[in-house]
Each structure stands twice: as C-alpha cells, then as structure tokens.
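What follows is each chain in one-letter form.
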Amino acid sequence: MTVIEVYPNKYDCSLAECFENYDKDEVIDIIRGLGYEASYNKKEKFFILVEKKSLEFFSFFISLKYGIVEFIWSGLPWGLLKARLDGNYQDNVRKPSFRNYNELICILQEALVMYEDYKREILELYIPNKNYV
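Report follows, based on the coordinates. Here the structure is a predicted model, which means the values were calculated and not measured.

Conventions and cut-offs
- Residues numbered from 1 in each chain as written.
- Predicted model: local features only at pLDDT ≥ 70, side-chain atom pairs only at ≥ 80, totals over all residues.
- Heavy atoms only, no water.
- Helix = DSSP H or I, 4+ residues; strand = E, 2+ residues; numbered from the N terminus.
- Contact = heavy atoms within 4.5 Å.
- Salt bridge = Lys/Arg side-chain N within 4 Å of Asp/Glu carboxyl O.
- Phe/Tyr/Trp six-rings, centres within 6.5 Å; stacked < 30°, edge-to-face > 60°.
- Buried < 20%, exposed > 50% of the residue type's maximum accessible area, 1.4 Å probe, protein only.
- Pairing = 2+ DSSP bridges.

## Observations concerning the overall build of the protein
Consideration 1: When helices and strands are tallied, the protein shows 4 helices and 5 strands.
Consideration 2: Its helices and strands in sequence order give the protein the pattern α-α-β-β-β-β-β-α-α, from N to C terminus.
Consideration 3: Considering only residue pairs separated by 6 or more positions, the protein has 58% of its internal contacts joining residues 24 or more positions apart.

And the structure:
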C-alpha cells in the first residue's frame with residue numbers, strides 16, 4: 001500500500017463536517033510556520049508555494065475548496081501525478097479533508113515531507129550526485 005492510498009483515509013470527513021470557512025491569512029501563517037513562504041491567488045482560489053533549487057523551479061499549489069485538500073505539484077494534481085508514475089489510470093485518488101486547523105496542519109506537514117522527497121528525487125534525475133534540498 002502506498003502513502004497516497006493510505007493518506008486520505010487518515011483525513012476523511014463528510015462534507016457536512018468539512019471546514020469550509022477557513023481564514024486565508026491563518027492558512028498562510030500555518031504554511032509559514034512549517035517553513036515555507038506562500039501566497040494566495042484570489043482569482044484561482046489556491047495557495048502557492050514556489051521555490052528555486054539550483055536551476056529548477058518547483059511549484060506547489062494547495063486548494064482547500066469545501067474543506068477538501070487538493071495538491072498540485074509542478075502543474076499536476078496528485079491523482080494524475082500518481083497515475084503517470086505508476087501507469088495505473090484506473091485508481092481514484094481520494095483527497096484528504098479536514099475539520100479544523102489542527103487537522104489541516106497535520107495534512108500539510110505530511111504533504112510537505114512528501115514534497116521535499118519529490119524535489120530531491122527530481123533534482124537527482126536532472127543533476128545527479130548533488131545535494132540541493
């Protein structure tokens with residue numbers, strides 16, 4: 001079982017329980033507290049983390065619409081990224097949901113650990129034997 005298969009089961013609540021009315025500034029403060037700079041795109045309604053490592057730019061978009069978390073790395077939602085990596089386009093990757101800021105913090109902590117792993121692997125593919133992350 002992969003992390004993506006387990007992840008949403010850990011953070012899964014009904015739509016009635018989901019925390020829809022989060023404060024955007026509070027979420028930015030949470031992300032900053034986790035060590036990342038973020039901004040909010042009002043038009044597209046998502047949070048953005050963009051980093052430059054070596055010659056590569058990494059982008060991490062986070063949508064919290066309806067209290068359901070969708071992650072997009074380098075232009076690909078997690079479900080599509082997973083399908084491209086393992087070749088299985090039949091799986092339905094469920095998105096984690098949250099009831100409060102504490103659950104959101106836990107979700108973001110786990111996602112950012114995976115994001116760091118992702119960046120490290122991408123850099124290894126393009127620039128082997130370097131430690132940029």
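On we go from here.
## Quick word on the pattern of salt bridges
Consideration 1: Following the criterion strictly, the structure yields 8 salt bridges and no others.
Consideration 2: Linked by salt bridges that have partners in common, Glu17, Arg99 and Glu103 make up one network.

## Remarks on the packing of aromatic side chains
Consideration 1: Counting across every chain of the model gives 13 aromatic pairs.
Consideration 2: Ring geometry for Phe19 against Phe98: centres 6.1 Å apart, planes inclined by 85°, an arrangement best described as edge-to-face. Separated by 79 residues along the polypeptide, Phe19 in the loop between helix 1 (3–10) and helix 2 (24–33) and Phe98 in the loop between helix 3 (78–86) and helix 4 (101–126) bring together distant segments of the chain.
Consideration 3: The class of Phe98 is buried, set by a relative accessible area of 0%.
Consideration 4: Aromatic side chains Phe71 and Trp78 sit 4.7 Å apart centroid to centroid with 40° between the ring planes, which places their arrangement in the tilted category. Comparing Phe71 with Trp78, the two get one shared label, buried.

## Quick notes on the pairing of strand 4 (residues 70–73)
Consideration 1: As paired strands, strand 4 and strand 5 (residues 76–77) are joined by 2 bridges and run antiparallel to one another. Considered in strand 5, the bridge of Trp73 is made with Leu76.
Consideration 2: Linking strand 4 to strand 5, which pair antiparallel, is a turn of 2 residues; within it Ser74 sits at a positive phi near 45°.

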